[in-house]
Amino acid sequence: MGRKFFVGGNWKCNGTTEEVKKIVGTLNEAKVPGEDVVEVVVSPPYVFLPFVKSLLRSDFHVAAQNSWVRKGGAYTGEISAEMLVNLDIPYVILGHSERRQLLNESNEFVGDKVAYALSLGRKVIACIGETLEQREAGTTLAVVSEQTKAIADKVSNWDNVVLAYEPVWAIGTGKVATPAQAQEVHAALRKWVHDNVGAEVAASLRIIYGGSVNGGNSKELASQPDIDGFLVGGASLKPEFVDIINSATVKKN
């Protein structure tokens, strides 16, 4: 069975009520392939989650941008996975490079977060990726393997995991990994999963690409055999997000 294409939109720390209404309006009117071809998930800031969920078309889903590493309690400013269950938010993005870099979330901490969210029935978009210094030093594969291992050490069932490879040097910079560069890392990640987790998981795990994806480059990236979709930042706030969703048809053909 083929891996269903996955397109996530990470809105990050952006949006007002009016802007959110406009973005959702564009998505609701969009002509895109059916759920059998592509899974679409958008991730608004926490304060807009129930609002977006109430307005958004039923074939698109919502994701939180983060959740706490364990059960809620005295953790000011954090949101627990239990709250996501309560609000019926199916997905959560964890380990995004901005949190790893700005908030010093370690590989192990991210692995614990992923395991905890999964234990409560949430689906996880788990992010990994190397910095420019690491790429230039030739350690890309070592870095992403280590980040993936920290998740694999804590997770036994990968059915609800989507792995997002996001080279940090390509996020919001306008620089994009070439389709060949992205494919090389995706293929290496799939091999790592094959060798360290299992052949079945490697075959079914969706490994998506993030890093300055836009309407212009999405089709070429989507044509790579080991790229199973995208996690989109800035472009997910614009109408071109629909073009990115439609790049899923490349796989169908």
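Note that the structure is a prediction, hence the values are computed from the model and not measured.

Draft legend 1. How the structure looks around the pattern of salt bridges. Applying the stated rule across the entire model yields 14 salt bridges. Glu 39 serves as the salt-bridge partner of Arg 206, at 2.8 Å between the closest nitrogen and oxygen. Of this pair, Arg 206 sits in strand β7 (residues 206-209) while Glu 39 sits in strand β2 (residues 38-43); the two residues are 167 residues apart in sequence, bridging distant segments of the chain. Across the pair, Glu 39 and Arg 206 agree in class, each one buried. For Lys 113, the salt bridge is made with Glu 105, and the minimal N-O distance between the two is 2.9 Å. Looking at Glu 105, the relative accessible area reads 7%, which means it is buried. Look at the salt bridges and you will find they share partners, linking Arg 3, Arg 190, Asp 226 and Asp 228 into a network.

Draft legend 2. Region of the structure containing the packing of aromatic side chains. Per the counting criterion, the structure on display carries 5 aromatic pairs. On the numbers, 5.7 Å between centres and 80 degrees between planes, the contact of Phe 5 with Phe 230 is edge-to-face. Of the two residues, Phe 5 is situated in strand β1 (residues 5-10) and Phe 230 in strand β8 (residues 229-232); the sequence distance between them amounts to 225 residues. Each ring, one from Trp 68 and one from Phe 109, has its centre 6.1 Å from the other, and the planes form 70 degrees; the classification is edge-to-face. On the criterion of sequence distance, the pair formed by Trp 68 in the loop between β3 (60-64) and α3 (81-86) and Phe 109 in helix α5 (residues 107-119) is long-range, its members being 41 residues apart. Given a relative accessible area of 24%, Phe 109 falls into the partly exposed group. Taken together, Trp 68, Tyr 75 and Phe 109 form an aromatic cluster joined through their ring pairs. Directly above the ring of Phe 60 sits Arg 57, whose terminal nitrogen or CZ lies 4.3 Å from the centroid.

Draft legend 3. Fine view of the pairing of β3. Among the 5 residues of β3, 4 are classified as buried, and the element is accordingly described as predominantly covered. Across 3 bridges, the pairing between β2 and β3 is parallel. Each bridged residue has a counterpart across the sheet, and for Val 41 the counterpart in β3 is His 61. Read as a crossover between parallel neighbours, the route from β2 over helix α2 (residues 49-55) to β3 is right-handed. Two strands pair when backbone bridges link them, and β3 and strand β4 (residues 91-94) are joined in this way by 2 bridges, in the parallel orientation. Among the inter-strand pairings, Ala 63 is bridged to a residue of β4, identified as Tyr 91. Handedness of the crossover joining β3 and β4 through α3: right-handed.

Draft legend 4. Just the pairing of strand β6 (residues 161-165), in detail. Within β6, 5 of the 5 residues are buried, which leaves it mostly tucked inside the rest of the structure. In this structure, strand β5 (residues 123-128) lies alongside β6, joined through 5 bridges in parallel fashion. The residue of β6 that forms the bridge with Ile 128 is Tyr 165. Examined bridge by bridge, β6 and β7 share 4 bridges and lie parallel to one another. Residue Leu 163 lies in a different strand from β7, and its bridge partner there is Ile 207.

Draft legend 5. Spotlight on the nonpolar core. Core analysis: the largest hydrophobic core is formed by 64 residues, its most contacted members being Val 52, Val 114, Tyr 209, Phe 230 and Ile 245. In terms of residue count, helix α8 (residues 179-196) provides more of this core than any other element does, 5 residues in total. In this view, Tyr 209 contacts Tyr 165, Pro 167, Ala 170, Val 176, Ala 177, Ala 182, His 186, Leu 221, Ile 227, Gly 229, Phe 230 and Leu 231; residues no more than four positions away in its chain are not counted. Membership of the second largest hydrophobic core comes to 11 residues, among which are Phe 6, Ala 63, Ile 125 and Val 162.

Draft legend 6. Here's a closer look at the side chain of Gln 65. Within the secondary structure layout, Gln 65 lies in the loop between β3 and α3. One polar contact links the side chain of Gln 65 to the main-chain carbonyl oxygen of Lys 12, over a distance of 3.0 Å. With near-sequence residues (within four places) excluded, Gln 65 lies in contact with Asn 10, Trp 11, Lys 12, Cys 13, Ser 43, Pro 44, Pro 45, Ile 93 and Arg 99.

Calculation criteria
- Residues numbered from 1 in each chain as written.
- Predicted model: local features only at pLDDT ≥ 70, side-chain atom pairs only at ≥ 80, totals over all residues.
- Heavy atoms only, no water.
- Salt bridge = Lys/Arg side-chain N within 4 Å of Asp/Glu carboxyl O.
- Helix = DSSP H or I, 4+ residues; strand = E, 2+ residues; numbered from the N terminus.
- Buried < 20%, exposed > 50% of the residue type's maximum accessible area, 1.4 Å probe, protein only.
- Phe/Tyr/Trp six-rings, centres within 6.5 Å; stacked < 30°, edge-to-face > 60°.
- Lys NZ or Arg CZ within 6 Å of the ring centre and 35° of its normal.
- Pairing = 2+ DSSP bridges.
- Right-handed = clockwise from strand over helix to strand, strands pointing away.
- Core = buried A, V, L, I, M, F, W, Y, C linked by side-chain atoms within 4.5 Å.
- Contact = heavy atoms within 4.5 Å.
- Polar contact = N/O pair within 3.5 Å; in protein donor to acceptor, adjacent residues only side chain to side chain.

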